[in-house]
Protein chains: 2
Amino acid sequence: MKKNPEQCQVVVALDMIVGKWKPIIIQHLLNGDVLRFNELRRLMPDITQRMLTLHLRELEEQDIVQRKVYPQIPPKVEYSITEYGKSLETVMDAMHEWGAAHVEHMEMKKKEDALSEKEI
Amino acid sequence: MKKNPEQCQVVVALDMIVGKWKPIIIQHLLNGDVLRFNELRRLMPDITQRMLTLHLRELEEQDIVQRKVYPQIPPKVEYSITEYGKSLETVMDAMHEWGAAHVEHMEMKKKEDALSEKEI
DNA sequence: CGGTATCCATAATGATACTG
DNA sequence: CAGTATCATTATGGATACCG
């Protein structure tokens, strides 16, 4: 991780959740589900094994996700949100709402643009 | 923009604000300041001209930032937040707060880890 | 089952020089 | 002043094969 330009704390928060699949992983765990590696894969059919591993490791490092290994064969590993990770919910909710609103905003804008085209 | 995996709206929101300098640009404009290109540069000494241009154009495209050109020589261009862009404030605040808390959390964790090292 | 290891493609950012 | 253009570098993600 490089220096945070202008010490902006927003950037700190962003660093936690950016990554193509991170927000989705977080969302899946935020409701309290405890999921095994392959369960997560099934929830995100397009993610590669590699990326799932990488992102999970990062989230673990960041104390957002807890990894519990059962030393048995075949192996069993469970992932869950940490207590601290739950604090992300507020942020995620805010973003979810804004994201939804944004989709609508963009659709509205499209229509407006289409209309003004006609007028010209 | 690629397809949003699992239609997660959080991802939509993230797309608006990710980019190494985007959140900082947004922060500088969110308080209502109207800033010229080089004023923004001075506020972010490490950004390159190229990246500032690219990010500003994207933010304009996204209807977050308004660009006003005064057709004169030497040129004068002013950037400001749009009405719609202001709606980002809630999200940015949430992230800022969480980011700040996260910094503290990580410092705490470091100390704890250091302590348990001693105990062993 | 839950991963690693390699290698590769693309995207994001940076450095530098130039311009109306 | 406010950019473009070009080239180089790095970060991110994907494909595939293999492993304990």
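In this text, all values refer to a predicted model and were calculated from it rather than measured experimentally.

1. Remarks on the protein's contact with DNA strand D
The local shell around DNA strand D holds 22 residues, among which K20 of chain A together with Q49, R57, R67 and Y79 of chain B are the closest. Backbone atoms, meaning sugar and phosphate, make up 62% of the atoms of DNA strand D lying within 4 Å of the protein. Side-chain polar atom of R50 of chain A to a base oxygen of DNA strand D: 3.0 Å apart, as the coordinates give it. For the surface near DNA strand D, the elements supplying multiple residues, two or more each, are helix 4 (49-61) of chain A together with helix 3 (37-43), helix 4 (49-61) and strand 3 (76-81) of chain B. Per-element tally for the surface near DNA strand D: the top contributor is helix 4 of chain B, with 4 residues.

2. Notes on unusual backbone geometry
Look at the link from I73 of chain A to P74 of chain A: it is a cis peptide, with omega at 0°. Mapped onto the fold, P74 of chain A is located in the loop between strand 2 (65-70) and strand 3 (76-81). Phi at D63 of chain B is positive, roughly 65°, even though this residue is not glycine. Looking at the element boundaries, D63 of chain B is found in the loop between helix 4 and strand 2 (65-70).

3. Observations regarding the pattern of salt bridges
Residue and element names in this part refer to chain A. As enumerated under the stated definition, the model contains 7 salt bridges over all chains in all. Between R57 and E60 there is a salt bridge whose closest N-O contact spans 4.0 Å. Placement of the pair is R57 and E60 together in helix 4, with a separation of 3 residues, close to one helical turn.

4. Topic: the UniProt feature "domain: HTH hxlR-type" (unreviewed entry) in chain A
Under the local residue numbering, the UniProt record ascribes the feature "domain: HTH hxlR-type" (unreviewed entry) to residues 8-107 of chain A. Across residues 8-107 of chain A one finds 62% helix and 14% strand; the C-alpha atoms that close the span lie 31 Å apart.

5. Details of the side chain of T82 of chain A
When you line up the elements, T82 of chain A lands in the loop between strand 3 and helix 5 (83-86). Dropping the residues within four chain positions of it, T82 of chain A is found in contact with D63, I64, V65 and Q66 of chain A.

6. Here we look at the relation of the copies chain B and chain A
Its rotation angle being 180°, the transformation that places chain B on chain A also includes 0.0 Å of axial translation and leaves an RMSD of 0.1 Å. Taken together, the rotation angle and the small translation identify this as a two-fold axis. Counting the interface residues of chain B, we find that 100% of their copies in chain A are interface residues as well, pointing to one common contact surface.

The rules behind these values
Residues numbered from 1 in each chain as written. Chains lettered and ligands numbered in written order. Predicted model: local features only at pLDDT ≥ 70, side-chain atom pairs only at ≥ 80, totals over all residues. Heavy atoms only, no water. Near = heavy atom within 4 Å. Polar contact = N/O pair within 3.5 Å; in protein donor to acceptor, adjacent residues only side chain to side chain. Helix = DSSP H or I, 4+ residues; strand = E, 2+ residues; numbered from the N terminus. Salt bridge = Lys/Arg side-chain N within 4 Å of Asp/Glu carboxyl O. UniProt positions renumbered as here; feature names shortened; annotations may be inferred. Contact = heavy atoms within 4.5 Å. Least-squares fit on C-alpha atoms with pLDDT ≥ 70 in both.

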